[in-house]
Amino acid sequence: MDTYRVLQPHVCCVGNPVAGNTTQYVMSRAAKVCGLDWQCFTSQVESKDFETAIRGLQALGLQGAAILDPYQSEVIPFLDTVSETAIC
């Protein structure tokens, strides 16, 4: 993914439901501890919109995404590579 277009790096959490999920908080704190000026956001995505959402994340050049329930296995076809440790 080319990140040359991104003025401030962003990462996100995508899932359904996401209300009350602490992943955004954890990612924001981890970035701060590592001295990274990254912005984190969470987005609730309906199943019918999942592919569009992933294509949008790719088009925006995000640094990364935490894919939450129920989409962990659905995202694999959209990835360039998948490591053994990435699959839970």
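Our subject is the structure listed above.
A short tour of the structure in this document, coming up.

Calculation notes
Residues take numbers from 1 onward in each chain, read along the sequence in its written order. It should be noted that, the model being predicted, local features are given only for residues of pLDDT at least 70 and side-chain atom pairs only at 80 or more, the latter also being counted only at that level, while totals for whole chains, interfaces and linings use all residues. Side-chain descriptors were evaluated using all non-hydrogen atoms of the structure, hydrogens and water having been removed beforehand. Two rings belonging to Phe, Tyr or Trp (six-membered ring only in the last case) form a pair when the distance between their centres is within 6.5 Å. Interplanar angles under 30 degrees mark stacking, angles over 60 mark edge-to-face geometry, and anything in between is tilted. Here a strand is any run of E in DSSP of at least two residues, a helix any run of H or I of at least four, and the numbering for each starts at the N terminus. Under the scheme applied here, a residue whose accessible area is under 20% of the maximum for its type counts as buried, over 50% as exposed, and between as partly exposed, the area being computed with a 1.4 Å probe on protein chains only. Being paired, for any two strands, means DSSP has found at least two bridges between them. To define axes, lines are fitted to C-alpha atoms, for helices over the stretch in contact only, and angles between the resulting N-to-C directions are given on a 0 to 180 degree scale. Disulfides are defined as pairs of cysteine sulfur atoms found within 2.5 Å of each other. The arc in question is the one spanned by the directions pointing from the helix axis to the C-beta atoms. Note on contacts: a residue pair is in contact if any heavy atoms of the two residues lie within 4.5 Å.

A word on the packing of aromatic side chains
- Tallied over the full model, the rule gives two aromatic pairs.
- Relative to Tyr71, the ring of Phe50 lies with its centre 4.4 Å away and its plane at 20°, an arrangement referred to as stacked. You can see Phe50 sitting in helix α2 (residues 50–60) and its partner Tyr71 sitting in the segment after β3 (64–67), a full 21 residues away along the chain.
- We classify Phe50 as buried; its relative accessible area is 3%.
- Seen in terms of ring centroids, Phe50 and Phe78 are 6.1 Å apart; in terms of plane orientation they differ by 75°. Their pairing is edge-to-face. Taken as a pair, Phe50 in helix α2 and Phe78 in the segment after β3 lie far apart in primary sequence, 28 residues in all. As far as burial versus exposure is concerned, Phe50 and Phe78 are alike and both buried.
- Among the aromatic side chains, those forming a connected cluster through ring pairs are Phe50, Tyr71 and Phe78.

Let's talk about the sheet that holds strand β1 (residues 10–15)
- Reading across the sheet, the three strands line up as β2-β1-β3 and stay open at both edges, with parallel pairing between neighbours. Only two strands of the sheet have a single partner each, and these edge strands are β2 (39–44) and β3. Averaged over all pairs of adjacent strands, the angle between strand axes in this sheet comes to 20°, irrespective of strand direction.

Details of the state of the cysteines
- Taken as a whole and judged by the stated rule, the model has zero disulfides.
- Cys13 takes part in no disulfide bond, and the closest cysteine sulfur, belonging to Cys12, lies 6.7 Å away.
- Assessed through its relative accessible area of 1%, Cys13 is described here as buried.

Focus: helix α1 (residues 23–33)
- Of the residues making up α1, those classed as buried are Thr23, Met27 and Ala31. Across the axial projection of α1, the buried residues extend over an arc of 65°, all falling on one side. The exposed set on the far side of α1, more than 90 degrees from its buried face, consists of Tyr25, Lys32 and Val33.
- Turning to α1, the residues buried within the fold contact β1, β2 and β3.
- Positive backbone phi, approximately 75°, marks Gly35, located one or two places after α1.

Bear in mind that shape data such as this cannot, by itself, settle questions of function.
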